[in-house]
Amino acid sequence: MKFHPKTEDIELAAVLHALSDPHRLRIVESLAGDSEPRRCGSFALDVTKSTLTHHFRVLREAGVIEQRIEGTARLNSLRRDDLDQRFPGLLDAVLGSVPVG
């Protein structure tokens, strides 16, 4: 199984680094607006598959998202509860600063 840090092991520096990239921030913003997990290929990002894989790995290893495998699909969901428990208000502050459009 892929690496997902425990809630208490999520580090602020790793989360901030993961959220510092515009593509990763768009992924998180999209996941924050969805109640259901999303497939990796469902995000409209103009990047190669290998780059997209890299972005998901950074987000997963930082503890921002959780990935689970269902058949041949990787389903992604935001670890909002874990992030809110570890760093209250951080995710809302970051998502609130994302320009619309």
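On a predicted model such as this, the values are computed, not experimentally measured, just so you know. (Residues numbered from 1 in each chain as written. Predicted model: local features only at pLDDT ≥ 70, side-chain atom pairs only at ≥ 80, totals over all residues. Heavy atoms only, no water.)

**Q** Go over the packing of aromatic side chains, please, and point to the residues and values.
**A** Taken as a whole and judged by the stated rule, the model has one aromatic pair. Residue placement shows R38 over the ring face of F43; its charged tip is 4.1 Å from the ring centre. (Phe/Tyr/Trp six-rings, centres within 6.5 Å; stacked < 30°, edge-to-face > 60°. Lys NZ or Arg CZ within 6 Å of the ring centre and 35° of its normal.)

**Q** Can you explain the layout of surface pockets? Please cite residues and give values.
**A** Considering only enclosed or pocket space, the largest pocket measures out at about 260 Å³ in volume. The wall of the largest pocket is formed by 14 residues, among which C40, K49, T53, Q67 and R74 lie closest to the centre. Elements supplying a minimum of two residues to the lining of the largest pocket: α3 (49–62) and β3 (73–78). Of all the elements, α3 adds the most residues to the lining of the largest pocket, at six residues. (1 Å grid on protein atoms, 1.4 Å probe; cavity = no way out; pocket = protein on both sides within 12 Å on 5 of 7 lines; lining within 4 Å. Points joined across faces, edges and corners; volume = space filled by probe spheres on them. Helix = DSSP H or I, 4+ residues; strand = E, 2+ residues; numbered from the N terminus.)

**Q** Got a sec to walk through the sheet that holds strand β2 (residues 65–70)? Specific residues and values, please.
**A** The three strands are arranged β1-β3-β2 in an open sheet whose pairing can be described as antiparallel. Strand pairing shows two members of the sheet lacking a second neighbour, β1 (38–39) and β2, which therefore form its edges. In the sheet, β1 pairs with β3 via two bridges, with the strands oriented antiparallel. Residue R39 lies in a different strand from β3, and its bridge partner there is L75. Seen against the sheet, helix α2 (residues 22–32) touches β1, β2 and β3 and runs at an angle of roughly 80° to β3. Its contacts with the sheet place α3 against β2 and β3, and it is angled at close to 115° to β2. (Pairing = 2+ DSSP bridges. Contact = heavy atoms within 4.5 Å. Axes fitted to C-alpha atoms, helices over the stretch in contact; angles between N-to-C directions.)

**Q** Talk me through helix α1 (residues 12–19); I want residue IDs and the actual numbers.
**A** Of all the residues in α1, the buried ones are V15, A18 and L19. Within α1, the buried residues cover an arc of 95° as seen down the axis, which keeps them to one side. The secondary structure elements touched by the buried residues of α1 are α2, α3, α4 (80–86) and α5 (90–96). (Buried < 20%, exposed > 50% of the residue type's maximum accessible area, 1.4 Å probe, protein only. Arc of directions from axis to C-beta.)

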